[in-house]
Amino acid sequence: MEAFLHGAILAFGLILPLGVQNVFVFSQGATQQRFVRALPATITAALCDTLLILLAVFGLSVIVLQFEWLRIALMSAGILFLLYMGYAIWQSKPTKTENNEALPIKKQILFALSVSLLNPHAILDTIGVIGTSALKYSGVTQIYFTASCILISWLWFFGLTVAGASVKKVDSSGKLMNVFNKCSAVFIWATAIYLVSGLL
């Protein structure tokens, strides 16, 4: 029980801060015409987090991150994806009509993959915090710890999607979501610039 609670608190603390991944999942809940249409982004983000958590707990990603060229390649790809995603979100025009410009399934999945797996800070946080904390446990307790982290991740992303969909219902004109999209795009571009500074 202690391992499960520890994992839950740790995962919630890591995932709660406003990040590109959270912004993107929330925006899909708000811009898609139906809740189910936002699920590709939600499920992809949750699956990516599950993969990162498993890699962190079992230590495989530590080996990968020892290669400097891989770190640079990861950050460079992440910067390019963030710049493109910021542009796409800035251009989107959420409305309540049938002509609502929402991201198609393929773009949702691609963007969710990029903000999840091409975000060096998310990867390092997962490895550094969850991976290190997992060393405290072994056997069944480690499984409880890992399962708890994964469960919180899935619940959080589905909760963000529901929250986005709720905002859409309140915002009948689409003006609020248009402002949110602009702010999201600026936030995403700022994150890309921050990553660039890490390469210099």
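Going by the structure above, here's the rest.
In what follows, the accompanying structure is described. Computed from a prediction, not measured in an experiment: that's the story for all the values here.

Cut-off values and rules
- Residues numbered from 1 in each chain as written.
- Predicted model: local features only at pLDDT ≥ 70, side-chain atom pairs only at ≥ 80, totals over all residues.
- Heavy atoms only, no water.
- Patch = residues over 30% accessible without salt bridge, like charges linked within 9 Å, V, L, I, M, F, W, Y side chains within 5 Å.
- Areas by Shrake-Rupley, 256 points an atom, 1.4 Å probe, with all protein chains shown as cover.
- Salt bridge = Lys/Arg side-chain N within 4 Å of Asp/Glu carboxyl O.
- Helix = DSSP H or I, 4+ residues; strand = E, 2+ residues; numbered from the N terminus.
- Expected span 1.5 Å × (residues − 1).
- Buried < 20%, exposed > 50% of the residue type's maximum accessible area, 1.4 Å probe, protein only.
- Contact = heavy atoms within 4.5 Å.
- Axes fitted to C-alpha atoms, helices over the stretch in contact; angles between N-to-C directions.
- Parallel < 35°, antiparallel > 145°, perpendicular 65-115°, else oblique.
- Left-handed = near helix turned anticlockwise from the far one by under 90°.

1. Considerations on a nonpolar patch on the surface
Taken together, the side chains of Met1, Phe4, Leu5, Ile9, Val140, Tyr144, Leu151 and Leu155 present a nonpolar region at the surface, about 840 Å² in accessible area. Looking at the nonpolar patch, the element that brings in the most residues is helix 8 (residues 140–170), giving four residues. When you line up the elements, methionine 1 lands in the segment before helix 1 (2–15).

2. Brief notes about the environment of serine 153
Position of serine 153 among the secondary structure elements: in helix 8. The spatial distance from the C-alpha of serine 153 to the C-alpha of alanine 8 is 9.0 Å, given a sequence separation of 145 residues.

3. Some words on helix 3 (residues 39–58)
A rise of 1.5 Å per residue sets the reference length of helix 3, with its 20 residues, at 28 Å; its end C-alpha atoms lie 28 Å apart and thus fit the reference within 8%. For helix 3, a buried count of 14 out of 20 residues is recorded, marking the element as mostly surrounded by other parts of the structure. Backbone geometry just downstream of helix 3 places glycine 59 in the positive-phi region, at approximately 75 degrees.

4. Considering the environment of serine 27
By the secondary structure assignment, serine 27 is in helix 2 (residues 20–31). By relative accessible area, which is 1% here, serine 27 ends up buried. Distance in space between the C-alpha atoms of serine 27 and alanine 41 is 9.9 Å, their sequence separation being 14 residues. Discounting residues that sit within four places of it in the chain, serine 27 has contacts with Phe180 and Asn181.

5. Let's talk about the packing of helix 2 against helix 8
In the contact formed by helix 2 and helix 8, the axes pass within 6 Å of each other and the chain directions differ by 45 degrees. Judged by the inter-axis angle, helix 2 sits oblique to helix 8. Crossing angle aside, the handedness with which helix 2 passes helix 8 is right-handed. Residues Gln21, Asn22, Val25, Phe26, Gly29 and Ala30 of helix 2 form the contact with helix 8, whose participating residues are Trp156, Phe157, Leu160, Thr161, Ala163, Gly164, Ala165, Val167 and Lys168.

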